[in-house]
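Report on the structure
Read off the chains here:
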Amino acid sequence: MDIATILRATNHRAYPLPTGPWVMTQTWHELLFAHYPISPAILRPLIPSILEIDTYEGVAWVGIVPFHMSNVRPRGIPAVHGLSAFPELNVRTYVKHGEQSGVFFFSLDAGNPIAVAIARSVFHLPYFNAQMNSKRVGEAIHYASHRTHRGAPHADYEATYQPVAPIAYATSGSLEHWFTERYSLYTVVQAKRLYRGEIHHIQWPLQKAELEIKQDTMARSHDITLPDTAPLLHYSERQDVLIWPLQHIL
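Residues numbered from 1 in each chain as written. Predicted model: local features only at pLDDT ≥ 70, side-chain atom pairs only at ≥ 80, totals over all residues. Heavy atoms only, no water.

Quick word on the layout of surface pockets
When its volume is computed, the largest pocket comes out at roughly 730 Å³. Residue lining of the largest pocket: 42 residues in total, with Met-24, Gln-26, Met-69, Tyr-127 and Ile-243 positioned closest to the centre. Secondary structure elements with two or more residues in the lining of the largest pocket: strand S1 (24-38), strand S3 (60-74), strand S4 (86-97), strand S5 (100-110), helix H3 (113-122), strand S9 (184-189) and strand S10 (193-200). Here the element with the most residues in the lining of the largest pocket is S3; it accounts for six residues. Partitioning the lining of the largest pocket into residue classes produces 30 nonpolar, seven polar and five charged. What lines the second largest pocket is a set of 16 residues, among which Ala-14, Ser-101, His-177, Trp-178 and Glu-181 lie closest to the centre. (1 Å grid on protein atoms, 1.4 Å probe; cavity = no way out; pocket = protein on both sides within 12 Å on 5 of 7 lines; lining within 4 Å. Points joined across faces, edges and corners; volume = space filled by probe spheres on them. Helix = DSSP H or I, 4+ residues; strand = E, 2+ residues; numbered from the N terminus. Nonpolar A, V, L, I, M, F, W, Y, C, P; charged D, E, K, R; others polar.)

Take a look at the structure:
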């Protein structure tokens, strides 16, 4: 990870880098964005009222995002075998607070119980334990996840995906750019305490992708019924990420 190069690349951001030092690194591998259009009215009861639902031309979107991580470590501490690399699968949508847009996670399933416990307590994010596997065969990623978290709704995902086009970079104002170039996440504790987390990375190198789904109940576990339409698919081979501390903003 070339941290100096990452920090110099800022022209693709809509707002400046966070102040203060970053505190953690992560590297995201073999990541798929699968996005589904949905009415904002469907999502409104599921998102804290303190947040505004962000839309593109009046349409909200839900993303199912499988990938696996490595180099998950606090600043100044080396990666630890068995702790710093694991699969993760996110269900997300897009929100705003004031003028700053960001990501809102319905769930983040992960194949590492220690990481799940830390993320739930330190970052106040809805992480869940899951049995997960990500295997590459040629260009194809075979991905499977079964949520095992006690007391959580059942959720399963089994699919194969792969890139089918050269790398391209989304242009500002495009839907692909709106999906991917987001550098804040929002989370709400006890329905009233709002936190924002900041990240930074280079602009997403995206490839068009194809996806074969065998099972997907991730959105359904949050009472979200996805439309019976093909999702918009974008693949990225690798993204090195810097993470700043969570901030209590309201």
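What to know about H3
Of the positions making up H3, those classed as buried are Ala-115, Val-116 and Ala-119. Within H3, the buried residues cover an arc of 100° as seen down the axis, which keeps them to one side. Exposed side chains of H3 directed beyond 90 degrees from the buried face belong to Pro-113 and Ile-114. Elements in contact with the buried residues of H3: S4, S5 and strand S6 (127-137). If you check the start of H3, you find a side-chain oxygen 3.1 Å away from the backbone N of Ile-114, and it comes from Asn-112. (Buried < 20%, exposed > 50% of the residue type's maximum accessible area, 1.4 Å probe, protein only. Arc of directions from axis to C-beta. Contact = heavy atoms within 4.5 Å. Polar contact = N/O pair within 3.5 Å; in protein donor to acceptor, adjacent residues only side chain to side chain.)

Some thoughts on the environment of Thr-19
Position of Thr-19 among the secondary structure elements: in the loop between helix H1 (3-8) and S1. The sequence separation of Thr-19 and Asp-228 amounts to 209 residues, and the corresponding C-alpha distance is 43 Å.

Regarding the environment of Gln-247
By secondary structure assignment, the location of Gln-247 is in strand S13 (residues 247-248). Accessibility expressed as a relative area gives 38% for Gln-247, which makes it partly exposed. Not counting the four nearest positions on each side in its chain, Gln-247 is found in contact with Leu-194, Tyr-195 and Arg-196.

Focus on the pattern of salt bridges
The full count for this structure, using the stated rule, is seven salt bridges. In this structure, the salt-bridge partner of Arg-147 is Asp-109, at a minimum N-O distance of 2.9 Å. Remark: Asp-109 occurs in strand S5 and Arg-147 occurs in strand S7 (residues 140-147); sequence separation between them is 38 residues. Arg-147 gets classed as buried once you look at its relative accessible area, which sits at 4%. Under the relative-accessibility criterion, Asp-109 is labelled buried at 0%. The closest approach of N and O atoms between Arg-238 and Asp-240, which form a salt bridge, is 3.1 Å. (Salt bridge = Lys/Arg side-chain N within 4 Å of Asp/Glu carboxyl O.)

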